[in-house]
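Tertiary structure, described
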Amino acid sequence: MQPVINIATPGSPDPADSFGLIAIELSRHLARLGCGVNLYSMGPREVPFQDEEIAAIIRRPIVASTGMIALGYPTVFNRYPGIMQLGKRIGICMFESTRIPEAFVPAMQQCSAIITPCQFCKDIFEEAGVKVPIHVLPLGINPIYVPAERAEGRPFTFLAFIDRGMRKGGVQALGAFQAAFGDDMDYKLILKG
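As a starting point, this report considers the structure included with it. Note that the structure is predicted; figures quoted are calculated from it, not measured.

1. Some thoughts on the overall build of the protein chain
A count of helices and strands for the protein chain gives six helices and eight strands. Reading the protein chain from its N terminus to its C terminus gives the helix and strand order β-α-β-α-β-α-β-α-β-α-β-β-α-β. By its C-alpha atoms, the protein chain is 65 × 40 × 25 Å across when sized along the principal axes. Out of the 193 residues in the protein chain, the part that is buried amounts to 36%. Partitioning the intrachain contacts of the protein chain with sequence separation of at least 6 by distance along the chain shows that 51% fall at a separation of at least 24. Surface summary for the protein chain: the accessible area is close to 11600 Å², and the carbon and sulfur share equals 60%. The average position of the 18 basic charges and that of the 18 acidic charges among the side chains of the protein chain differ by 8 Å.

What follows is the structure, given as structure tokens:
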């Protein structure tokens, strides 16, 4: 009997969502290796831009299995279905700040291990008191993303994230851009949020 792995994402298995894309790629590659995959999401399971391989994984009947690979903020891990709370829990999380919320530490301690994409996150997790094993696994680059050819010249364009509060610095980026370039049409700022 093939192993069945629960993968849980806080949003949807959507290639436009960071944890959604990780859930998609994990599910795809584990299924190709012969594992059964239960892809659980707190958001809609079927969304636009899902390829047929992922849609087929999502449509398969759920097979009872304990444990999970849990994605997202650690404070949401306990919201995934009960059977997934039994067995090993591998957390995949990140937090791009010099300190993590206090509630993250006890939630991370409930995991068998944590996977994070960079040494910076590992260091801040350890500094906060997380004692479970923490592994750095860079996310890599999906081959569906290719550099866009851009025309030479103006406007010179910047991209910043303005998302869920102050953590990603979008408000600061907007202020810095305005201070540096004002109404100069040779420069443009795109905010993704």
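2. Quick word on the layout of surface pockets
Here the second largest pocket defines a volume of roughly 230 Å³. Surrounding the second largest pocket, Arg 150, Ala 151, Glu 152, Gly 153, Pro 155, Phe 156, Thr 157, Phe 158, Leu 159 and Ile 190 form its lining. Of the residues in the lining of the second largest pocket, the class split is six nonpolar, two polar and two charged.

3. Observations regarding helix 1 (residues 18-32)
Helix length check: helix 1, at 15 residues, gives a terminal C-alpha distance of 21 Å against a target of 21 Å (1.5 Å per residue), a fit within 8%. Within helix 1 the residues assigned to the buried category are Phe 19, Gly 20, Leu 21, Ile 22, Ala 23, Ile 24, Ser 27, Arg 28 and Leu 30. Against strand 1 (4-9), strand 2 (36-41), helix 2 (52-59), strand 3 (68-71) and strand 4 (89-92) lie the buried residues of helix 1. At the N-terminal boundary of helix 1, the capping side chain belongs to Asp 17, with an oxygen 3.3 Å from the backbone nitrogen of Phe 19. Positioned one or two residues after helix 1, Gly 34 has a phi angle of 100 degrees, which is positive.

4. A closer look at a nonpolar patch on the surface
A cluster of nonpolar side chains, Ile 162, Val 171, Leu 174 and Leu 191, forms an exposed patch at the surface whose accessible area comes to about 280 Å². Tracing the sequence through the fold places Leu 174 in helix 6 (residues 170-181). Owing to a relative accessible area of 37%, Leu 174 belongs among the partly exposed residues under this scheme.

5. Digging into the packing of aromatic side chains
Within the structure shown, the criterion is met by nine aromatic pairs. Both rings, one in Tyr 73 and one in Phe 104, keep their centres 5.3 Å apart while their planes meet at 50 degrees; by these two values the pair is tilted. Here Tyr 73 is found in the loop between strand 3 and helix 3 (82-85), whereas its partner Phe 104 is found in helix 4 (residues 104-109), with 31 residues between them in sequence. Taking the centre distance of 5.1 Å and the plane angle of 65 degrees together, the rings of Phe 156 and Phe 158 count as edge-to-face. An aromatic cluster is built from Phe 156, Phe 158, Phe 177, Phe 181 and Tyr 187, whose rings are joined through pairwise contacts.

6. Considerations on the environment of Cys 35
Looking at where Cys 35 falls in the secondary structure, it is placed in the loop between helix 1 and strand 2. On the basis of relative accessible area, Cys 35 is assigned to the buried category, the value being 16%. Cys 35 sits 32 residues away from Pro 3 along the chain, and the two C-alpha atoms are 5.3 Å apart. Apart from residues no more than four positions distant in its own chain, Cys 35 is found in contact with Gln 2, Pro 3, Ile 5 and Leu 30.

7. Some remarks on the side chain of Ser 12
Residue position: Ser 12 is located in the loop between strand 1 and helix 1. From its side chain, Ser 12 meets the backbone oxygen of Pro 44 in a polar contact 2.9 Å long. Ser 12 has contacts with Asp 17, Gly 20, Ser 41, Gly 43, Pro 44 and Val 47, leaving out every residue within four places of it along the chain.

Rules of the game
Residues numbered from 1 in each chain as written. Predicted model: local features only at pLDDT ≥ 70, side-chain atom pairs only at ≥ 80, totals over all residues. Heavy atoms only, no water. Helix = DSSP H or I, 4+ residues; strand = E, 2+ residues; numbered from the N terminus. Buried < 20%, exposed > 50% of the residue type's maximum accessible area, 1.4 Å probe, protein only. Contact = heavy atoms within 4.5 Å. Areas by Shrake-Rupley, 256 points an atom, 1.4 Å probe, with all protein chains shown as cover. Lys, Arg positive; Asp, Glu negative; His and termini not counted. Charge placed at Lys NZ, Arg CZ, Asp CG, Glu CD. 1 Å grid on protein atoms, 1.4 Å probe; cavity = no way out; pocket = protein on both sides within 12 Å on 5 of 7 lines; lining within 4 Å. Points joined across faces, edges and corners; volume = space filled by probe spheres on them. Nonpolar A, V, L, I, M, F, W, Y, C, P; charged D, E, K, R; others polar. Expected span 1.5 Å × (residues − 1). Polar contact = N/O pair within 3.5 Å; in protein donor to acceptor, adjacent residues only side chain to side chain. Patch = residues over 30% accessible without salt bridge, like charges linked within 9 Å, V, L, I, M, F, W, Y side chains within 5 Å. Salt bridge = Lys/Arg side-chain N within 4 Å of Asp/Glu carboxyl O. Phe/Tyr/Trp six-rings, centres within 6.5 Å; stacked < 30°, edge-to-face > 60°.

Just geometry here; none of it tells us what the structure is for.
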